[in-house]
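Overview (structure and organization)
This is what each chain is made of:
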Amino acid sequence: MSIHYSSNFFQAKRKYLSVTWEDFYTTRISDKLDFFFRQGRLFDVLFSQQFDREFIERIFTITNKIRLVSKTKYGADFLRSLLAHKRAMLYFVQPSTRTFLSFHSACQILGMQTAAVQSIHTSSEVKGESFDDTIRTFSSYFDIIIMRHPLEGHAERASFVLNRTKRPIPIINAGSGKDQHPTQALLDIFTLMRSFQPIGGIDEKTIMMVGDLKRGRTVRSLSYLLKNFRNVKIIYSSPDEFRMNSDIKDFLAEHNISYTETSEFEKILPQADAVYMTRIQDEHDQAGESKKTDFSRYALRLEHLDLLKSNSIIMHPLPRRTEIDPQIDNDPRAVYWRQERNGMRIRCALLAHIFNLETKILEY
Ligand code: CP
């Protein structure tokens, strides 16, 4: 299962130096992972395909340790000293509440100073500066860029640009268009692993993903990450117009991961160990297509709770609209608020990994 990286980023850099962005972008992700990896660690965090089981378990060990250490003042002071000499740019030009704030809090826990650009209208992009020059400018002042962008591929583009300069700094993808949200997938897997700990972990479980699967980056990134677990079954439940795209289904087929697609919702609920609800992603509409589809039956209501297994869990990346009745929040199977809280420490652990702090944290 382990991903093979050549230890030499510079070989990968040389290989890609003369390649155009278009050629680089269309290269299979599995063939260019070395470009985002350096000195035995992830440098740029862009895709779920970068995480293997060993990495996931390592990050979760660090996450649990950070949770314990941060409980005391001495521990919190220790954590805050670790990156007091570093600065992070939070470049979020697409709206976000929890990803932005959890990364911001993670930076604070490790003592990192932060600055934020949250609209291209407050940066010189509005004056016509290119995306590439904007990113290069950030690298003049900061030690890492954590970015959310409305367009697919822009986090990867930032990495492609900076890794060719004399001052590359790590890029973390905090959500890229309809494409990927890899750190959300990490916290989703953490939530699944913790919830299923008493019943044998994620292996052999059935994960039902519901809603706008065509344009939902969280379900895409989570699907990729599930390849690290044995005999997982995925059920995609959505209106026909918003089915999962073929690139994900090809990936699942290539890795022998069982999946089914259905437009049913209620009937399928008894089969699920985890029900992962998502909202309609109408910010990606081109011609009002969301309004033409009836999403109302892809919503979990109180009367559905009796259909669910007693040890199943209900997840949602949030924000929600009407996909989950708020009265369900108090059901012990509803884990979405815990899922949200898990994000901050997972992101803390990820920063600790990138800046090579894992040993120091584990030895504390
Ligand atoms: N789950 C998630 O990405 O939420 P935000 O859009 O609020 O960051």
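Residues numbered from 1 in each chain as written. Predicted model: local features only at pLDDT ≥ 70, side-chain atom pairs only at ≥ 80, totals over all residues. Heavy atoms only, no water.

**With respect to the site of the ligand**
Around the ligand sit Ser96, Thr97, Arg98, Thr99, Arg148, His181, Gln184, Pro317, Leu318 and Pro319, and those are all the residues in its vicinity. Here an oxygen atom of the ligand sits 2.6 Å away from a polar atom, N or O, in the side chain of Thr99. In this structure, Pro317 approaches the ligand through a main-chain N or O atom, which is 2.9 Å from a nitrogen atom. Protein contacts shield 91% of the accessible area of the ligand, which totals 250 Å² for the unbound molecule. (Near = heavy atom within 4 Å. Polar contact = N/O pair within 3.5 Å; in protein donor to acceptor, adjacent residues only side chain to side chain. Areas by Shrake-Rupley, 256 points an atom, 1.4 Å probe, with all protein chains shown as cover.)

**Side note on the domain arrangement of the protein chain**
As far as domains go, the protein chain holds domain 1 (9–181 + 343–363) and domain 2 (182–281 + 293–341). The distance between the C-alpha centroids of domain 1 and domain 2 comes to 26 Å. In this complex, domain 1 contributes 36 residues to the contact, which on the side of domain 2 involves 29 residues. Taking both sides of the interface into account, the surface hidden between domain 1 and domain 2 amounts to around 2,600 Å²; carbon and sulfur atoms contribute 57%. When the buried surface of domain 1 facing domain 2 is broken down by residue, Arg53, Arg98 and His181 rank first, second and third, together holding 26% of it. Linking domain 1 with domain 2 are four salt bridges, by the criterion used here. In this structure, Arg28 engages Glu254 in a salt bridge whose closest nitrogen and oxygen atoms are separated by 3.3 Å. Connecting domain 1 to domain 2 are 21 residue pairs in polar contact (both at pLDDT 80 or more). Of all the secondary structure elements, the ones that give two or more residues to the side of domain 1 that touches domain 2 are helix H3 (53–69), helix H5 (98–109), strand S5 (144–149), strand S6 (171–176) and helix H11 (336–354). Among the elements that take part in the side of domain 1 that touches domain 2, H3 stands out by supplying eight residues, more than any other. Residue composition of the side of domain 1 that touches domain 2, grouped by class: 12 nonpolar, 13 polar and 11 charged. (Domains from an automatic or database assignment. Contact = heavy atoms within 4.5 Å. Buried area = accessible area lost by both parts, 1.4 Å probe. Salt bridge = Lys/Arg side-chain N within 4 Å of Asp/Glu carboxyl O. Helix = DSSP H or I, 4+ residues; strand = E, 2+ residues; numbered from the N terminus. Nonpolar A, V, L, I, M, F, W, Y, C, P; charged D, E, K, R; others polar.)

**Observations concerning the packing of H3 against helix H8 (residues 182–196)**
At a minimum axis separation of 11 Å, H3 and H8 run at an interaxial angle of 80°. Considering their axes alone, H3 and H8 lie roughly perpendicular with respect to each other. For the pair H3 and H8, contact is made by Phe55, Ile56, Glu57, Phe60, Thr63, Asn64 and Arg67 and by Leu186, Ile189, Phe190, Met193 and Arg194, respectively. (Axes fitted to C-alpha atoms, helices over the stretch in contact; angles between N-to-C directions. Parallel < 35°, antiparallel > 145°, perpendicular 65-115°, else oblique.)

**Remarks on the sheet that holds S5**
Strand pairing in a sheet is mediated by backbone hydrogen bonds. Such pairs are either parallel or antiparallel. What the four strands build is an open sheet, ordered S4-S3-S5-S6; its pairing is parallel. Looking at which strands have only one partner, the edges of the open sheet turn out to be strand S4 (113–117) and S6. Within this sheet the neighbouring strands show an average axis-to-axis angle of 15°, counted without direction. In this structure, strand S3 (residues 87–92) lies alongside S5, joined through five bridges in parallel fashion. Each bridged residue has a counterpart across the sheet, and for Tyr91 the counterpart in S5 is Met147. Here helix H6 (residues 131–141) sits on the sheet and contacts S3, S4 and S5; the angle it forms with S3, its principal contact strand, is near 155°. (Pairing = 2+ DSSP bridges.)

**Regarding the pairing of strand S7 (residues 206–210)**
In terms of burial, S7 is largely enclosed, as five of its five residues are buried. As for the winding sense of the linkage, the β-α-β connection from S7 through helix H9 (residues 217–225) to strand S8 (residues 233–237) is right-handed. Note: S7 against strand S10 (residues 274–277), four bridges, orientation parallel. Following the sheet pairing, Met209 is matched in S10 by Tyr276. (Buried < 20%, exposed > 50% of the residue type's maximum accessible area, 1.4 Å probe, protein only. Right-handed = clockwise from strand over helix to strand, strands pointing away.)

**Here we look at the packing of aromatic side chains**
With the rule as written, the count across this model stands at 21 aromatic pairs. Pairing Phe51 with Phe55 gives two aromatic rings, centres 5.1 Å apart and planes at 10°, and the pair type is stacked. Given a relative accessible area of 0%, Phe51 falls into the buried group. A connected cluster of aromatic rings, assembled from ring pairs, spans Trp21, Phe24, Tyr25, Phe35, Phe36, Phe47 and Phe160. The ring of Phe24 carries the charged tip of Lys32 above its face, separated from the ring centre by 4.8 Å. (Phe/Tyr/Trp six-rings, centres within 6.5 Å; stacked < 30°, edge-to-face > 60°. Lys NZ or Arg CZ within 6 Å of the ring centre and 35° of its normal.)

**Some points on unusual backbone geometry**
Residues apart from glycine generally show negative phi values, whereas peptide bonds are mostly found in trans. In this model, Leu318 is joined to Pro319 through a cis peptide bond whose omega is 5°. Its location among the elements puts Pro319 in the loop between strand S11 (313–315) and H11. Although it is not a glycine, Asn256 sits at a positive phi angle of roughly 55°. Positive phi outside glycine occurs at Asn356, with the angle close to 60°. With respect to the helices, strands and loops of the structure, Asn356 is situated in the loop between H11 and helix H12 (358–363).

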